[in-house]
Amino acid sequence: MNQFDLWGEQMRVDPLPTLAQMRAEAPIVRLFNPHQGAPEWRVTRYADVVELLRDPRFSKDKRKLSDQARSRYFRVTEFDRLDKHMLYADPPEHSRMRALVAKAFTPRRISQLRPRIAEATESLLDLAEQQDSVDLLDTLAFRLPITVLVELIGVPIEDQERFREWTRILIAPPSDGNFDALRRMAIEFQQYLEGFLALRRKHPRDDLTSALIEAQTGGDRLSPVELMSMVFLLIAAGFETTGNLIGNGVWALLRHPAQLRRLRDAPELIEPAIEEVLRYCPPVANSTGAFPLTDVEFRGTVIPAEELVVASLLSAHHDDERFPEPDRFDITRTPNQHLGFGHGLHFCLGSSLAKLEAQVAIGTLVQRFPGLGFAADPDTLRWKIGVFVHGLECLPVTWEAQ
């Protein structure tokens, strides 16, 4: 079944050649996921991806699947109380939850975080600068978003390392079919959130969690399980996505010195630069899965009921039918209608926060360290193999380029 190996070494070295071959030869293709032990479909052309992401015949809600399909694709049942959020919901339930969350996750609340993000970035770079070279993912890219998230959500700062560990487990697929670590993580995360939310109900603060507890529309509120799932989603998705966005952005700029010099000379280009990072090397490689509830003919291909369908955002972003010279990294590219934060109903509600953190982190780094460079051969760096994420395993940098 697998004419394309999306889980092999080549995808860790450079996924683009394989994705280009898929777009040319089999843009809608059925594969077998060896980690999941189940079939899945990949959609790789930009136009097809956009159509898939807005097609109401594909459901995100696993509760609509048969018991057989749920056991095939959702083997870790310990997540059942953590996935009652809008990412895995269909209208009208999705619309209801999104409206409630939007009341708490406001643009004003996000914009107010800029000074704190800038302060945290400088503090993390002060520590990193004390060493000749560092793994930038560990010292900045992932430390910044977890620092911001725990403060935004209101959890104690001393618990941020726990969230980092839980999230690492969440995004690393078991290669041997052993899901025990995921099961333990789900149980520990749930127990923690239950205690934390009980505390916030008794002692509300000026944080996002308290705002989510109070948010209501026409007397409707998030249920206790929905609230726990939403906080889980904000931590898990916000941490990994933003960390990869920062790491991928620095990697892309170092790989393209002319673009790096251009940004350093014109700091105001940081916003379009981040948009180009989101296109060229997005932090999320694939959409979350969707399922047709009956056999569906999609773009001339019949997809059987209850088989997982995934849109390749990374592939869509390198489709020359949509982007001229798609493999060229250009921080002034316009127009740039990428799908880095999804499309349609499930467009990421936290996109503005992720972009703000990336703009501050990368903008500060570029200006503060004119000698920034790779501390290892960039050709030896490897991409993570995950279900959805697209990020490096490590990013060694030095402050004085050789």
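Above this text sits the structure in question.
Caption draft 1: Quick look at the overall build of the chain. Scanning the chain from terminus to terminus reveals 17 helices and 10 strands. Taking 402 residues into account, the globule formula puts the C-alpha radius of gyration at 21 Å, and the chain, at 21 Å, falls close to it. Along the first, second and third principal axes, the C-alpha atoms of the chain reach 60 × 60 × 40 Å. Counting contacts in the chain only where the partners sit at least 6 residues apart, residues at least 24 apart contribute 74% of the total. Split by element, the accessible area of the chain, about 17300 Å² in all, is 51% carbon and sulfur. Averaging the positions of the 47 positive and the 57 negative side-chain charges in the chain gives two centres separated by 4 Å.

Caption draft 2: Layout of the sheet that holds strand 4 (residues 133-135). Strand order in the open sheet made by the three strands is 4-10-9, with antiparallel pairing throughout. Only two strands of the sheet have a single partner each, and these edge strands are strand 4 and strand 9 (373-374). For strand 4 and strand 10 (residues 396-398), the ladder comprises three bridges, and the chain directions are antiparallel. Bridge pairing in strand 10 places Asp-135 opposite Pro-396.

Caption draft 3: Structural view of the sheet that holds strand 1 (residues 28-33). Reading across from one edge, 1-2-8 is the order of the three strands in this open sheet, with mixed pairing throughout. Strands with a single pairing partner mark the edges of an open sheet, and in this sheet they are strand 1 and strand 8 (308-311). The average angle at which neighbouring strand axes cross in this sheet is 35°, direction not considered. Bridge count between strand 1 and strand 2 (residues 38-43): six bridges; the pairing is antiparallel. Directly across from Ile-28, in strand 2, lies its bridge partner Val-43. Across the face of the sheet, helix 3 (residues 46-53) comes into contact with strand 1, strand 2 and strand 8 while running at roughly 125° to strand 8.

Caption draft 4: Structural context of the environment of Ala-47. Relative to the elements of secondary structure, Ala-47 occurs in helix 3. Sequence-wise, Ala-47 and Ile-246 are 199 residues apart; in three dimensions their C-alpha atoms are separated by 27 Å.

Caption draft 5: The packing of helix 13 (residues 224-255) against helix 17 (residues 351-368), seen in detail. Put simply, helix 13 and helix 17 touch, their axes get as near as 9 Å, and they point 35° apart. Here helix 13 and helix 17 pass one another in a crossing that is right-handed. Every residue of helix 17 that contacts helix 13 at Thr-242, Leu-245, Ile-246, Gly-249, Val-250 and Leu-253 is listed here: Ala-354, Lys-355, Glu-357, Ala-358, Ala-361, Ile-362, Leu-365 and Val-366. By residue class, the composition of the contact of helix 13 with helix 17 is 10 nonpolar, two polar and two charged.

Caption draft 6: Expanded view of the pairing of strand 2. Counting buried residues in strand 2 gives six out of six residues, a clear majority hidden from the surface. Residues of strand 2 alternate between two faces, with Ala-38, Glu-40 and Arg-42 on one and Pro-39, Trp-41 and Val-43 on the opposite face, all of them buried. Bridge analysis of strand 2 against strand 8 gives four bridges, and the strand direction is parallel. Bridge pairing in strand 8 places Val-43 opposite Ala-311.

Caption draft 7: Structural detail: the side chain of Glu-240. Inspection of the secondary structure puts Glu-240 in helix 13. Residue Glu-240 is classed as buried on the basis of its relative accessible area, which comes to 4%. At 3.1 Å, the side chain of Glu-240 and the side chain of Lys-384 are in polar contact. Contacts of Glu-240, omitting those with residues within four sequence positions, involve Phe-142, Thr-167, Ile-171, Lys-384 and Val-389.

Caption draft 8: Structural detail: the packing of helix 7 (residues 114-128) against helix 9 (residues 143-153). The N-to-C vectors of helix 7 and helix 9 enclose an angle of 140°; their axes lie 10 Å apart at closest approach. With respect to their mutual orientation, helix 7 and helix 9 come out oblique. When you trace helix 7 past helix 9, the crossing you get is right-handed. Between helix 7, through Arg-116, Ile-117, Ala-120, Thr-121 and Leu-124, and helix 9, the contact on the second element is made entirely by Arg-143, Leu-144, Thr-147, Val-148 and Glu-151. Taken together, the residues of the contact of helix 7 with helix 9 break down into five nonpolar, two polar and three charged.

Caption draft 9: Quick peek at the nonpolar core. In terms of nonpolar packing, the biggest core is built from 96 residues, with Leu-144, Phe-163, Phe-189, Leu-212, Trp-251, Leu-395 and Trp-399 touching the most fellow members. Top contributing element to this core by residue count: helix 13, with 17 residues. In this structure Leu-212 touches Val-101, Ala-104, Leu-222, Leu-227, Met-230, Val-231 and Leu-234, once residues within four positions along its chain are discounted. In terms of nonpolar packing, the next biggest core, distinct from the first, is built from 20 residues, Ile-28, Val-296, Phe-298 and Ile-303 among them.

Calculation criteria
Residues numbered from 1 in each chain as written. Predicted model: local features only at pLDDT ≥ 70, side-chain atom pairs only at ≥ 80, totals over all residues. Heavy atoms only, no water. Helix = DSSP H or I, 4+ residues; strand = E, 2+ residues; numbered from the N terminus. Rg over C-alpha atoms; globule rule 2.2 N^0.38 Å. Contact = heavy atoms within 4.5 Å. Areas by Shrake-Rupley, 256 points an atom, 1.4 Å probe, with all protein chains shown as cover. Lys, Arg positive; Asp, Glu negative; His and termini not counted. Charge placed at Lys NZ, Arg CZ, Asp CG, Glu CD. Pairing = 2+ DSSP bridges. Axes fitted to C-alpha atoms, helices over the stretch in contact; angles between N-to-C directions. Left-handed = near helix turned anticlockwise from the far one by under 90°. Nonpolar A, V, L, I, M, F, W, Y, C, P; charged D, E, K, R; others polar. Buried < 20%, exposed > 50% of the residue type's maximum accessible area, 1.4 Å probe, protein only. Polar contact = N/O pair within 3.5 Å; in protein donor to acceptor, adjacent residues only side chain to side chain. Parallel < 35°, antiparallel > 145°, perpendicular 65-115°, else oblique. Core = buried A, V, L, I, M, F, W, Y, C linked by side-chain atoms within 4.5 Å.

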